[in-house]
Amino acid sequence: MSEAEKVLYTGKTHTTGGRDGASRSDDGRLDVKLSTPGSSRPGTNPEQLFAAGWSACFIGAIGLAAGQRKVALPADLAVDTEVDLRNRDGGYFLQARLNVRLPGIDADVARQLVDAAHQTCPYSKATRGNIDVTINLV
């Protein structure tokens, strides 16, 4: 890490039981039961948690891009993220779709904001080149 870089935040969790367990953050703000995708057990799954985190981060990145371009964002801006757990030849992998709603924003401007957000969002950076990602303006 260079001198110009600094850690802004570290999220810490303690997870037991894997996909059928539980996860709790060190500050107690997150305390969730986990369940296997598609099961009837109570709880969420890692794909849903990842989708929620990515959506929230992506909206923040859109806000940053809009601020730089002096574009006012609509109050009902939303990102619906879908994360697929896939299997091929016995191996698991992810793919994702981010469906971005920017009502009232010109389509070209909306595309510029979304493209800029995808370049700066830490989740987008982490997945780039690792999983298939599609970003749709809806």
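The structure this text deals with has already been given above.
Residues numbered from 1 in each chain as written. Predicted model: local features only at pLDDT ≥ 70, side-chain atom pairs only at ≥ 80, totals over all residues. Heavy atoms only, no water.

Visitor: Explain the environment of Leu 137 to me, using residue names and the numbers behind them.
Guide: Relative to the assigned elements, Leu 137 resides in strand 6 (residues 132-137). For the pair Leu 137 and Ala 107, spaced 30 residues apart in sequence, the C-alpha separation works out to 8.2 Å. Discounting residues that sit within four places of it in the chain, Leu 137 has contacts with Val 100, Leu 102, Ala 107, Ala 110, Arg 111 and Val 114. (Helix = DSSP H or I, 4+ residues; strand = E, 2+ residues; numbered from the N terminus. Contact = heavy atoms within 4.5 Å.)

Visitor: Please set out the sheet that holds strand 5 (residues 91-101) residue by residue, giving values where relevant.
Guide: Overall, mixed pairing links the three strands, which are arranged 4-5-6 in an open sheet. The sheet is open, and its two borders are formed by strand 4 (78-88) and strand 6, each paired with just one other strand. In this sheet, adjacent strand axes meet at a mean angle of 15 degrees when their direction is disregarded. As defined by bridge partners, strand 5 adjoins strand 6 across six bridges and the pair is classed as parallel. Note that in strand 6 the partner of Val 100 across the bridge is Leu 137. Across the sheet, helix 1 (residues 46-69) touches strand 4, strand 5 and strand 6, and the angle it forms with strand 4 is around 140 degrees. (Pairing = 2+ DSSP bridges. Axes fitted to C-alpha atoms, helices over the stretch in contact; angles between N-to-C directions.)

Visitor: Summarise the sheet that holds strand 1 (residues 13-16); cite the residues concerned and give the values.
Guide: Taken in spatial order, the three strands of this open sheet run 1-2-3, and their pairing is antiparallel. Looking at strand neighbours, the two that pair on one side only are strand 1 and strand 3 (31-33), the edges of this open sheet. Each strand of the sheet is rotated relative to its neighbour by a mean of 10 degrees, with strand direction disregarded. Pairing between strand 1 and strand 2 (residues 22-25): four bridges, direction antiparallel. Bridging from a neighbouring strand, Thr 16 pairs with Ala 22 of strand 2.

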